[in-house]
Amino acid sequence: MPYSLSWMPAVLRSAGLKVAEVPGWLDRGRREMGRIEGVICHHTATTRDGNMPSLRTLMEGRSDLPGPLSQLGLARDGTYYIIAAGRCNHAGGGEGHWRRVDGNSHYIGIEAENRGRGEDWPQVQMDAYVRGVAAILKHVGSGVDRCCGHKEYAPSRKPDPSFDMALFRARVSAIMNGTGAVRPLIPPADNTGRPTLRRGDRGDHVRFVQQKLGLVGDGKFGPMTEATLRTFQRAHDLVPDGIVGPRTWAKLDST
């Protein structure tokens, strides 16, 4: 059955973020969540390169811990992968400062792709991290004090990624208060002036995309166009976000 965190894609997209919905995410989870109070920030501790190499592990779990391991995965290019709408095994016991609540039941877990051993954080990924956390906290009506790093919540677990959580919370707070600088994560057009397209758009550019995808060109960017576009993007090693940005325009041109 669908779980309650169905609002996540819309909230993240409303913040201008790139979102890729993993098939089956609405029905994925250990069980239903309780009242959402905040966000726990994680890193994947991956040893692999690539944009989101830990995605399958986050969905399915490990030999010592069943999945899903987080509701959200944050790729190195700033894309949020929506993994699960229900409870996930991400928080641990919670013997730290944030023990006031059960993190698995009341906190959304974000696993950001990073080795956690000095790997630089791409600006586009860190900007997405800050903006995504701010959007979630505003949506659930919580303050920035309800954002913590995994080591702050469960000090015996793996160390936090290589950024300062106090500074991170200050950036999140600035976004929530409308005083923080934000940068567009998806260009509004490609280098030829064609607009970035997403679900709900209409017009000749949408009709052109539909024809390239083998669909009836009615000029309306609806769910069928979005689903077919995601399939096309996966087949061509693009982020399957269902958005026609500069890279997808270029690939459509070459096919």
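Rules used in this analysis
- Residues numbered from 1 in each chain as written.
- Predicted model: local features only at pLDDT ≥ 70, side-chain atom pairs only at ≥ 80, totals over all residues.
- Heavy atoms only, no water.
- Pairing = 2+ DSSP bridges.
- Helix = DSSP H or I, 4+ residues; strand = E, 2+ residues; numbered from the N terminus.
- Axes fitted to C-alpha atoms, helices over the stretch in contact; angles between N-to-C directions.
- Phe/Tyr/Trp six-rings, centres within 6.5 Å; stacked < 30°, edge-to-face > 60°.
- Buried < 20%, exposed > 50% of the residue type's maximum accessible area, 1.4 Å probe, protein only.
- Expected span 1.5 Å × (residues − 1).
- Contact = heavy atoms within 4.5 Å.
- Core = buried A, V, L, I, M, F, W, Y, C linked by side-chain atoms within 4.5 Å.

Asker: Before we go on, may I ask you to explain the sheet that holds strand β2 (residues 38-43) in this structure?
Answerer: Whenever strands of a sheet pair, they do so through backbone hydrogen bonds, lying parallel or antiparallel. With mixed pairing, 6 strands are arranged side by side in an open sheet as β1-β6-β5-β7-β2-β8. On the outer flanks of this sheet lie β1 (18-21) and β8 (147-149), each paired with one strand and no other. Adjacent strand axes in the sheet meet at a mean angle of 25°, parallel and antiparallel pairs treated alike. For β2 and strand β7 (residues 107-112), the ladder comprises 6 bridges, and the chain directions are parallel.

Asker: Just to check I follow, could you spell out the packing of aromatic side chains for this structure?
Answerer: How two aromatic rings sit relative to each other is given by the distance of their centres and the angle of their planes. A full pass over the atoms with the stated rule returns 7 aromatic pairs. Taken together, a centroid distance of 5.9 Å and an interplanar angle of 70° make the contact between Tyr129 and Phe163 edge-to-face. Linking Tyr129 in helix α4 (residues 123-140) with Phe163 in the loop between α5 (150-153) and α6 (165-177), this pair joins segments that are 34 residues apart in sequence. When sorted by exposure, Tyr129 lands in the same class as Phe163, which is buried. In textbook terms, an aromatic cluster arises when at least three aromatic residues are bridged by ring pairs, as seen for Trp121, Tyr129, Phe163 and Phe168.

Asker: How should I be thinking about helix α8 (residues 223-235) in this particular structure?
Answerer: For an α-helix the count is 3.6 residues per turn, leaving residues at separations of three or four pointing the same way. The end-to-end C-alpha distance of α8, which contains 13 residues, comes to 18 Å, matching closely the 18 Å that a straight helix rising 1.5 Å per residue would cover. Here α8 has its buried residues at Thr225, Glu226, Thr228, Leu229, Arg230, Phe232 and Gln233. The secondary structure elements touched by the buried residues of α8 are α1 (8-14), β1, α7 (204-212) and α9 (246-254). Positive phi shows up at Asp237, right after α8, with a value of about 60°.

Asker: Just to check I follow, could you spell out the environment of Gly245 for this structure?
Answerer: Tracing the sequence through the fold places Gly245 in the loop between α8 and α9. Separated by 142 residues in the primary sequence, Gly245 and Gly103 place their C-alpha atoms 36 Å from one another.

Asker: Looking at this structure, how should I read the nonpolar core?
Answerer: Soluble globular proteins tend to bury their nonpolar side chains together. Core analysis: the largest hydrophobic core is formed by 38 residues, its most contacted members being Leu72, Tyr80, Ile110, Tyr129, Val133 and Phe168. Contributions of two or more residues to this core are made by α1, β2, β5 (72-74), β6 (79-82), β7, α4 and α6. The biggest single contributor to this core is α4, with 9 residues. In this view, Phe168 contacts Cys41, Met126, Tyr129, Val130, Val133, Cys147 and Phe163; residues no more than four positions away in its chain are not counted. Listed in part, the 14 residues of the second largest apolar core include Ala20, Met52, Leu65 and Val239.

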